[in-house]
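A look at the structure
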Amino acid sequence: MIGMAVKKVLLVIIFVAVVLNLFLFLKRQIFSGNCDLESLLKDKGLTLSNDLSGGLDNPIHCVSNVPCEYPDVVDFRIIVLTFDRWNSLTKLLNSLNDLRVDGDNVALEIWIDRRPDGKGVDEKTLATAKSFQWKNGAVRVHVQTAHVGILGQWIDTWRPARNGSKEIVLILEDDLSLSPFSYRWLKAARNFFKSRTDVTGITLQSESLIVASSGARFRPLSSDGVAYLYSLLGSWGFSPTPEHWLNFQNWYHSVIKNSDFQPYVEGLVMNTWFKKFQKERRSHTMWTMWFIYFCNAHHLYTVYNNLNAHYNTTKNCLAVNRREPGLHFSGKAIDNTGSLLRTWNDEFVDFKEPARIYGFNGKPLTFKRNSVVEKDSKYSNNKTALGQNRA
């Protein structure tokens, strides 16, 4: 009897040891980038979801390089894009915990890109995202199923509903921090400008603005009121208009198949940057050139807040970029969060029409017989909006 009991105990110990060793082996392989977990699971007849929300009613099963559609409907959805800057991500998430959502139904989607080999994920960034408890609503953490870079992160992490989405989305890279009142202003701006078909989106950006044709500092006028429109996209806290974003995604995924097509817009400094990046084999880090091309082809504009110029201050920013080291910045990050708007005034959403529209040259556009004529110069795409050569 004693011998049988000893054998059972030994068998249990051996079983536990085998399971523990298998777990440790898989953990080492996954985080070292030597193992594709998805392939391992498929060998066992299982699948890997990039949604790590674990318990939410609406799990997401999205595939890299395919625009992600969410099954739930919310008033406000925040898309956070990150890769390996866990400390920067923490700063952004902390600012989101102070966000006033005024009782609206909200969701937070954190998207983590994989390493270029497509297998490994930054462990600290993943842990930071998974441990975040948002005061305002649900959080889902998504790990890309393959490396997609900044292009795939921006373009494919939110697909508007095909039947017309009223959802407000805000796309944020992890080097930003937000004012507690950024959503309040954004929602009011969306409601005010929703009838305009030439608005491609709304940006929270108000710092480091430049004239697109020269690179000089762009200075909107105080007399423009609390908002104005500009031909150039502002990507530091961008909220795309659903209809135009849907059309942009469709266009991009169609034209990208043509290796000869280039999204050049002659006469812009961004065009020069993009060509330089192409020579350096890093044009894939500049998603904005594709959107600039699309907006120029369709005469679309971005709404900017003018709270600093209108009130003659530097402390009314809705979002700031901390210049964290990454794709486009090097050196030490800065703490400019003291410039964020901290006190609300209903005058901040006292929008007026007609809102002033600035062209790529930083000067107001003039209108004649329902057409727009830029005062100083014209900017043309090198090919049509569909990516075909002009006749």
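Anything mentioned here points back to the structure above.
Described below are features of the structure shown in this document. Small disclaimer: the values here were computed from a predicted structure and weren't measured.

Conventions adopted
- Residue positions are given per chain, counting from 1 as you read along its sequence in written order.
- This being a predicted model, a pLDDT of at least 70 is required before a residue's local features are given, and a value of 80 or more before pairs of side-chain atoms are given or counted; all residues contribute to the totals for chains, interfaces and linings.
- Note: side-chain values were computed over all heavy atoms of the structure, leaving out hydrogens and water.
- Helix numbering and strand numbering both begin at the N terminus, where a helix is a DSSP run of H or I of at least 4 residues and a strand a DSSP run of E of at least 2.
- In this scheme, a residue with accessible area under 20% of its type's maximum is buried, one over 50% is exposed, and one in between is partly exposed, where area comes from a 1.4 Å probe on protein chains only.
- Angles here are taken between N-to-C directions and fall from 0 to 180 degrees, while the axes themselves are lines fitted to C-alpha atoms, restricted in helices to the stretch in contact.
- The labels follow the angle: roughly parallel below 35 degrees, roughly antiparallel above 145, roughly perpendicular from 65 to 115, and oblique for the rest.
- By definition in these notes, contact holds between two residues if any of their heavy atoms fall within 4.5 Å.
- Each residue is assigned to one class: nonpolar for Ala, Val, Leu, Ile, Met, Phe, Trp, Tyr, Cys and Pro, charged for Asp, Glu, Lys and Arg, and polar for all the others, Gly among them.
- Two strands qualify as a pair provided DSSP detects at least 2 bridges between them.
- Seen with the strands pointing away from the viewer, any crossover whose path from the first strand over the helix to the second strand runs clockwise is right-handed.
- The disulfide definition used here is simple: a pair of cysteine sulfur atoms within 2.5 Å.
- Left-handed describes a crossing whose near helix is turned anticlockwise from the far helix by less than a right angle; the clockwise case is right-handed.
- For this analysis, a nonpolar core means a set of buried residues of the types Ala, Val, Leu, Ile, Met, Phe, Trp, Tyr and Cys, connected via side-chain atoms within 4.5 Å.
- One speaks of a salt bridge when a side-chain nitrogen belonging to Lys or Arg is within 4 Å of a carboxyl oxygen belonging to Asp or Glu.
- Here is the rule: rings of Phe, Tyr and Trp (six-membered ring for Trp) pair when centre to centre is within 6.5 Å. Planes less than 30 degrees apart are stacked, more than 60 are edge-to-face, and the remainder are tilted.
- Here, over-ring charges are defined by two tests on the NZ atom of lysine or the CZ atom of arginine: distance to the ring centre within 6 Å, and angle to the ring normal within 35 degrees.

Here's the deal with the overall build of the protein
When its secondary structure is counted, the protein shows ten helices and 13 strands. Across the 391 residues in the protein, those meeting the buried criterion constitute 51%.

Some points on the packing of helix 5 (residues 149-156) against helix 7 (residues 242-255)
Where helix 5 contacts helix 7, the two axes come as close as 10 Å, and the packing angle between them is 140 degrees. The angle between helix 5 and helix 7 falls in the class oblique. Along its contact with helix 5, which presents Leu-151, Trp-154, Ile-155 and Asp-156, the element helix 7 presents Trp-245, Phe-248, Gln-249, Tyr-252 and His-253. Classifying every residue of the contact of helix 5 with helix 7 gives six nonpolar, two polar and one charged.

Looking at the pairing of strand 2 (residues 106-112)
Buried residues dominate strand 2, accounting for seven of its seven residues. Burial along strand 2 is two-sided: Val-106, Leu-108, Ile-110 and Ile-112 and Ala-107, Glu-109 and Trp-111, pointing in opposite directions, are all buried. As paired elements, strand 1 (residues 76-82) and strand 2 share seven bridges and run parallel to each other. Considered in strand 2, the bridge of Leu-81 is made with Trp-111. As for the winding sense of the linkage, the β-α-β connection from strand 1 through helix 3 (residues 86-96) to strand 2 is right-handed. Across six bridges, strand 2 lies against strand 3 (residues 138-143) in parallel orientation. Paired with Ala-107 across the two strands is Ala-138, which belongs to strand 3.

Comments concerning the state of the cysteines
Summed over the entire model, instances satisfying the criterion amount to one disulfide. Sulfur-sulfur distance for the disulfide between Cys-62 and Cys-68 comes to 2.0 Å. Of note, the bridge from Cys-62 to Cys-68 carries an S-S torsion of about 60 degrees and is right-handed in sense. Take Cys-62 and Cys-68: they sit in the same class, and that class is buried.

Let's talk about the packing of helix 8 (residues 269-279) against helix 9 (residues 288-298)
A pair of packed helices can be characterised by two numbers: the angle between their axes and the separation between those axes. Viewed as axis vectors pointing N to C, helix 8 and helix 9 meet at an angle of 140 degrees, and their least axial separation amounts to 10 Å. The pairing of helix 8 with helix 9 is recorded here as oblique in orientation. Once helix 8 is placed against helix 9, the crossing between them reads as left-handed. The segment helix 8 lies against helix 9, with Met-270, Asn-271 and Phe-274 engaging Met-289, Trp-290 and Ile-292. Class assignment for the residues of the contact of helix 8 with helix 9 results in five nonpolar, one polar and no charged.

Comments concerning the nonpolar core
Counting 51 residues, the largest nonpolar core has Phe-76, Ile-78, Leu-96, Leu-108, Trp-185 and Phe-193 as its most contacted members. Examining the composition of this core, we find that five residues originate from one element, helix 6 (residues 182-193), more than from any other. Every residue in contact with Phe-193, bar those within four places of it in the chain, is listed here: Val-199, Ala-227, Leu-229, Val-303, Phe-351, Glu-353 and Ala-355. Counting residues in hydrophobic clusters, the runner-up holds 50 residues, among them Trp-111, Tyr-230, Phe-238 and Tyr-264.

Description of the environment of Leu-233
You can see Leu-233 is positioned in the loop between strand 7 (227-230) and strand 8 (238-240). Spatially, the C-alpha atoms of Leu-233 and Thr-203 are 7.8 Å apart, while their sequence positions differ by 30 residues. Those residues in contact with Leu-233, other than ones at most four positions away along the chain, are Phe-238, Trp-287, Thr-288, Phe-291, Thr-302 and Tyr-304.

A few points about the pattern of salt bridges
Two side chains of opposite charge can pair, provided their charged atoms sit close to one another. Under the counting rule described, the total for this entry stands at 19 salt bridges. When the shortest N-O distance is used, the salt bridge between Glu-280 and Arg-282 registers 2.6 Å. In this structure, a network of salt bridges that share partners links the residues Asp-72, Arg-77, Glu-109, Arg-140 and Glu-167.

Regarding unusual backbone geometry
Following Glu-353, the chain continues into Pro-354 via a peptide bond in cis, with omega recorded as 0 degrees. In this fold, Pro-354 is placed in the loop between strand 10 (319-321) and strand 11 (357-358). The phi torsion at Asp-102 lies on the positive side, around 55 degrees, for a residue other than glycine. Residue position: Asp-102 is located in the loop between helix 3 and strand 2. A positive phi angle, near 55 degrees, is found at Asn-312, a position not held by glycine. The residue Asn-312 is located in the loop between helix 10 (307-310) and strand 10 in this model.

Digging into the packing of aromatic side chains
Considering all chains together, one arrives at 34 aromatic pairs under this definition. Consider the rings of Phe-248 and Tyr-252, whose centres lie 6.3 Å apart with planes at 35 degrees: the pair is tilted. Of the two residues, Phe-248 and Tyr-252 are both situated in helix 7; the distance of four residues between them amounts to about one turn of the helix. Note on Phe-248: relative accessible area 0%, which makes it buried. A residue is classified by how much of its surface remains accessible, and Tyr-252, at 8% relative accessible area, is buried. Summarising the aromatic geometry, the rings of Tyr-311 and Phe-348 are spaced 5.3 Å apart at their centres and angled 80 degrees between planes, so their arrangement reads as edge-to-face. Residue Tyr-311 is located in the loop between helix 10 and strand 10, and its partner Phe-348 is located in the loop between strand 10 and strand 11; the two are separated by 37 residues in the primary sequence. Given the relative accessible area of 28%, Tyr-311 is considered partly exposed. The lysine or arginine in question, Arg-77, covers the ring of Tyr-70, its NZ or CZ lying 4.3 Å from the ring centre.

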